[in-house]
Amino acid sequence: MSTSIWGGPESYGGDSYPSPLLKQLLKQMMVHLGAQGSCIALFDENIRHMRIHVHVRNLLVPTPQETVKSLGLRLPGRRITNRLEMDPSPTIHLEEFAEITPQQSELFAPGTIYANGQDLIGTAWKKNEACLLGQEEYLAFLRKRDEPIPSSDVVPSSYLAIPIQERTLIDDLSGHRRPPAVLGVVVLYQVAPTPPFQQKQYQEALQYIERIALYLQNDRLRRSHLRGSEYLSLLQEISTAFPTSVKLSELVNKIYDFTTNVVNVSSMLLTLYDRDTEHLYDVFTVVNGNPIEALAEQPVAVPKGDRPTWWKVAHVEKRTLNFSPAQDLAQASQYSELLNGVWGEQQQAESFLFLPMKMFNRVIGSLSIVSQRPEAYHPEEIQVLETMLQIVTVSIENAKLYERDRFLIKQGRQREAQLAAINSALQSIGSVLNVAELLNNLVESVARVVKVDACVFFQLSPAGDELIAQALYGLSNISWVDEDIVPDQEQEFNPTIQEELIKMIRLPFKGTFLEQMIQGGFFYLDKQQLEELIQQSSEGCVIFLQETRTHQMLMIPLTYQADFIGLLAVPTPYGSENRFFKPKEVAMLLAICAQAAGAIRNAQLFEQREVAYAELERLNKLKDEFLVTASHELRTPLSAISGYASLLKRQSTRSTPQQVLRFSHKIADAVQQLVELVGNITEAASMGRVESNIEMNLGPVHVLSAAQIAVEMLDINVQQTLTKDIAHDLWVRADGQPLRQVISNLLENAIKYSPPQTNIHLSACSTTLAKIESVLCKDQIDHQMMIEQGSMPIVLIRVKDQGEGILPEDKKRIFDKFVRAPRSLTTPVRGSGLGLYICRRYIEAMGGKLWLESSELDEGSTFSFYLPLVEPPVEVEGHDEHEQPSN
């Protein structure tokens, strides 16, 4: 039985034909042939079946009494005669005709679908010839095929089914007759008691059928032209959509919109092939009309080897596939790879189309679509889709060329910028001979070239056991103050302090993995290796690594003619734990470091020459000062010895014993001055250079006892008032004899340069190293020691006088060898200029510092030094607190 769509929409797949004109042609045919009813079924390309398009009946059809009674109708008063000769242009009264709906009659109901060979319409289609049957013949025909008999409100007496055949002008002109295609079927029927159709009526009906066929062919050409125009418009639109660039989101949406405008699409899959990575990317898919949004963010990528069928069909054979997976099980099995994947399983689809995206011999992807309609994809539509894909392919390839050109231009500009940066860095490095300035320029240039926040240059310590930072870029980002050690204290970052802070960054070297790794060129330190270094590093290095949040660090050794110059450390940017520098960035740094190594060596040699020259100048000046001082200081005692010796010689016979005794005392005093002068010179010479160590016998020393012995060593003719303020329980780690000599020398200087009747005060107190930083002379501050040992207990000893003071320009020089203040040379005070030098060397050898704390002209000076505080020895803990311990 035919399939009727009861209550369905009025528009069907074949409703692209204008219904009014078809109805008019049917009505003219009915009037001319005297038929009481007619219908036309047209071929529906979407379902490949015949579908009833319209059913028209003459209202003046005589109806059987039982039908009239059941329907409550009145018979019209007009009868239709069986006239075979009719007006060629009959006048049609529209009120005499009506369209029959499916609810009125199942017979030839609009929307009914007929397969080839089914019912009367399917038979005429299959045979491609007219069928003339009476009512009894029609019923017998249906019974024989075991097809249901449709119900009807009228009883036809005869049926005339005529196929609408498509003929071409070429066939007519050439005389070649091919089986014509069937565009549709027209059915005319008579209602009893009207006589059945005659053969003559069949011949007349063929003329109308030819008119209908001609109309349908013309309309098909018109629709084909409109579709062609529409396709051209769509192709033009998509060809201008991507002039110079392709955005994937826009591309897939354009392809999907275009495809759905051309053919029926249930599901769709767009796959792209990247020749560089040799991977396939499923970038867009629609399953049953629903897009898979996840692919837009993260396409499915697989190597081409994982899809051999796709590679063979698309890339090797470059051919189109069009078949029905549901009907052609062999091809569905052969191409099952194409029918499965991110768009689900499509083996049950009625139509499948696979189109490679190709340009010349290149294949960049494929478009796969399926439809639930059988034979949904026709050659004309496939050609349009292939044209669209070719346009898209050309657009993608052009976009790749544009992108490649832009990339090359960008790469060229980056290369130009890199060369400019390298040139600028080399100029800033090679234009200076000051090592400190050169290293600062190096770390700053490197940080700017690779765009990092910090960069450090390390140099091997003289002992070779650790790497000491010499230059740092990014110091302002680091908080160096430990609030637990130095609370509520603001630090001013002057160049000297900054240099000291930088040198607090020290990495262990000897015996660590760094010692082996520098032999193999540049390398990275990962987080674990940095943690290992932190465990062995100084506190300054720990603060640096923590403040810069370093997770990885590029290390580049600098060598010059096999000599290790230093190590450049470049931390990777914060927030990129697994980031390595790009090869071109490393190459830039290696080029800069190769040139910097030679520049650093030249600057070091130049600086060494300058230092040697300055040292020669200083020694020459010291020699001159020594000669002046020695001649001045030696002349006085020698003159006294010579004078008093001459007096004894000339007056030996008449000198009284008292005079001889007085002259001998004067000679002895002068000799003592000479002995002290020669002793100081000898002692200073025995100390050697400042860098050399002085052997000391360090141990607990009682401060008060040492001070009392030092006071007893002074000249008994002291004209100043000497006071002490020293607690009895203060003990320091020192060597007793040098400590007493230091205190004695400081007191002697205070006595020498203080007017009579003034006060000289010797004091000692316990404190910590951090608390005396404010009173330390700037050149005596060791910032690393302040951070690492700021809480160390010490004893601060001061000698304060009310003497003439020291000029500001002489404050730094008075601790050098053979240096005396110019004012002292004009005074009767004798001295070698070695006392303060010897005192400072002794204090530093005992682990302390000696400095001029304050000095005001004509108001006096304060000399201070500190030594580590220690606990008293066990053997003196039980003594009375007033008993003097021996030292």
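Predicted model only: the values in this text are computed from it and were never measured.

Reading the values: rules and limits
Starting from 1, residues in each chain are numbered consecutively following that chain's sequence as written. For this predicted model, a pLDDT threshold of at least 70 governs which residues receive local features, and a threshold of 80 or more governs which side-chain atom pairs are given and counted, while totals over whole chains, interfaces and linings are taken from all residues. Water and hydrogen atoms were dropped before computing side-chain values, which therefore reflect all heavy atoms in the structure. Put simply, two rings from Phe, Tyr or Trp (the six-membered ring, in Trp's case) pair if the centres are within 6.5 Å, and we call them stacked under 30 degrees between planes, edge-to-face over 60, tilted for the rest. Two limits define a charge over a ring: the Lys NZ or Arg CZ must be within 6 Å of the ring centre, and within 35 degrees of the ring normal. A run of H or I in DSSP becomes a helix once it reaches four residues, and a run of E becomes a strand once it reaches two; helices and strands are each numbered from the N terminus. For two strands to be treated as a pair, DSSP must find at least two bridges joining them. Axis definition: a line fit to C-alpha positions, over the contact stretch in the case of helices; interaxial angles, taken between N-to-C directions, run 0 to 180 degrees. The contact criterion used throughout is that any non-hydrogen atoms of two residues lie within 4.5 Å. Note on definitions: salt bridges are taken to be side-chain nitrogens of Lys or Arg within 4 Å of carboxyl oxygens of Asp or Glu. We call a residue buried when its accessible area falls under 20% of the maximum for its residue type, exposed when it is over 50%, and partly exposed in between, using a 1.4 Å probe and counting protein chains only. Residue-level confidence of the predictor, termed pLDDT, takes values from 0 up to 100. For this classification, under 35 degrees means roughly parallel, over 145 means roughly antiparallel, 65 to 115 means roughly perpendicular, and everything else is oblique. Should the near helix be turned anticlockwise from the far one by less than a right angle, the crossing is left-handed, and should it be turned clockwise, the crossing is right-handed. Two joining distances apply to patches: 9 Å for like charges and 5 Å for nonpolar side chains (Val, Leu, Ile, Met, Phe, Trp, Tyr), and every residue must have over 30% relative accessible area and no salt bridge. Accessible surface is estimated by sampling points in the Shrake-Rupley manner with a 1.4 Å probe; for residues, cover comes only from the protein chains shown. We score Asp and Glu as negative and Lys and Arg as positive, and we do not count His or the chain ends. The location of each charge is read from NZ of Lys, CZ of Arg, CG of Asp or CD of Glu. Polar contact is defined as a pair of N or O atoms within 3.5 Å, subject to the rule that within protein one atom must be able to donate a hydrogen and the other to accept it, and that residues adjacent in sequence are counted only when both atoms are side-chain atoms.

Asker: Sorry if this is basic, but what is going on with the packing of aromatic side chains here?
Answerer: What characterises a pair of aromatic rings is the spacing of the ring centres plus the angle enclosed by the ring planes. Evaluated as defined, the whole model comprises twelve aromatic pairs. Among the aromatic residues, those joined into a cluster by ring pairs are Phe108, Tyr138, Tyr159 and Tyr189. Positioned above the aromatic ring of Phe815 is the side chain of Arg840, whose terminal nitrogen or guanidinium carbon lies 3.9 Å from the ring centre.

Asker: Please clarify how the environment of Pro193 should be interpreted in this entry.
Answerer: With respect to the helices and strands, the residue Pro193 is situated in the loop between β7 (181-191) and α6 (199-239). Residues Pro193 and Val155, 38 residues apart in the sequence, show an inter-C-alpha distance of 9.2 Å.

Asker: Explain the sheet that holds strand β16 (residues 466-473) to me, please; I cannot follow it from the model alone.
Answerer: By definition, the strands of a sheet pair up through backbone hydrogen bonds, in either a parallel or an antiparallel sense. Taken in spatial order, the six strands line up as β17-β16-β15-β20-β19-β18 in an open sheet, and their pairing is antiparallel. If you trace the sheet from one side to the other, it starts and ends with β17 (506-508) and β18 (523-525), each paired once. Neighbour to neighbour, the strand axes of the sheet diverge by 30° on average, direction disregarded. Contacting β15 (455-460), β16, β19 (553-560) and β20 (563-571), helix α13 (residues 435-450) crosses the sheet at an angle of about 70° to β16.

Asker: Can you walk me through the sheet that holds strand β24 (residues 759-768) in this structure?
Answerer: An order of β22-β24-β25-β27-β26 is seen for the five strands of this open sheet, with the pairing classed as mixed. With one partner strand each, in any of the chains shown, β22 (721-726) and β26 (849-856) form the two edges of the open sheet. Pairwise comparison of adjacent strand axes, ignoring direction, gives a mean angle of 15° for this sheet. Its contacts with the sheet put helix α21 (residues 736-752) on β22, β24, β25 (793-800), β26 and β27 (860-868), and the angle it makes with β27 is roughly 175°. Those strands touched by helix α23 (residues 835-845) are β26 and β27, and its axis lies near 135° from that of β26.

Asker: Could you clarify how one ought to interpret the pattern of salt bridges in this entry?
Answerer: A side chain of one charge can pair with a side chain of the opposite charge if their charged atoms are brought near each other. Counted by the stated rule, this structure contains 15 salt bridges. A salt bridge links Glu397 to Arg275, with the nearest nitrogen and oxygen atoms 3.4 Å apart. Placement of the pair is Glu397 in helix α12 (residues 379-430) and Arg275 in the loop between β8 (267-274) and β9 (279-287), with a sequence separation of 122 residues. By relative accessible area, Arg275 is classed as partly exposed at 31%. The salt bridge involving Glu317 is made with Arg319; its shortest N-O contact spans 2.4 Å. Using a relative accessible area of 33% as the deciding quantity, one classes Arg319 as partly exposed. Where salt bridges share partners, they join Arg275, Arg362 and Glu397 into one cluster.

Asker: Please explain the confidence of the model for the protein as it appears in this structure.
Answerer: Detailed reading of predicted coordinates is not advised where the pLDDT is low. When pLDDT is averaged across the protein, the result is 79; 81% of the residues are at 70 or more. Note that residues 62-90 has pLDDT below 50 and, in this model, 35 contacts with residues that lie over four places away or in other chains. Counting interchain partners and residues more than four positions distant, the pLDDT-below-50 stretch residues 477-493 has 30 contacts.

Asker: Looking at this structure, I do not really get the packing of helix α7 (residues 248-262) against α12. What am I missing?
Answerer: In helix packing, the relevant descriptors are the interaxial angle and the interaxial distance, both defined with respect to the helix axes. In the contact formed by α7 and α12, the axes pass within 10 Å of each other and the chain directions differ by 165°. It follows from the interaxial angle that α7 and α12 lie roughly antiparallel. Our pair here, α7 against α12, has a crossing hand that is right-handed. Each of Leu251, Ile255, Phe258, Thr259 and Val262 in α7 lies in contact with α12, whose residues at this interface are Glu381, Val384, Leu385, Met388, Val392 and Ile396.

Asker: Whenever I open this one, a positive patch on the surface confuses me. Can you help?
Answerer: A contiguous patch of positive charge on the surface is contributed by Lys126, Lys127, Lys144 and Arg145. Examined against the element boundaries, Lys127 turns out to sit in helix α3 (residues 119-127). Of the residues examined, Lys127 reaches a relative accessible area of 51% and is grouped as exposed.

Asker: Can you walk me through the pairing of β25 in this structure?
Answerer: Two faces belong to every sheet, and in a regular strand the side chains alternate between them. Pairing analysis gives eight bridges linking β24 to β25, with the strands arranged antiparallel. Of the residues in β25, the one forming a bridge with Ser766 is Val795.

Asker: Please clarify how the side chain of Gln190 should be interpreted in this entry.
Answerer: As for its placement among the helices and strands, Gln190 is situated in strand β7. A polar contact is formed between the side chain of Gln190 and the side chain of Gln36, at a distance of 3.3 Å. Apart from the residues within four sequence positions on either side, Gln190 is in contact with Leu33, Gly34, Ala35, Gln36, Val155, Pro156, Ser157, Ser158, Pro195, Phe197 and Gln201.

Asker: How do you make sense of unusual backbone geometry when you look at a structure like this?
Answerer: Excluding glycine, most residues fall at negative phi; most peptide bonds, likewise, are trans. Phi angles above zero are rare outside glycine, and Gln561 is one such case at about 50°. In this structure, Gln561 sits in the loop between β19 and β20. The phi dihedral of Asp858 is positive, around 65°, even though this residue is not glycine. Here Asp858 shows up in the loop between β26 and β27. Overall, the relative accessible area of 58% leaves Asp858 in the exposed class.

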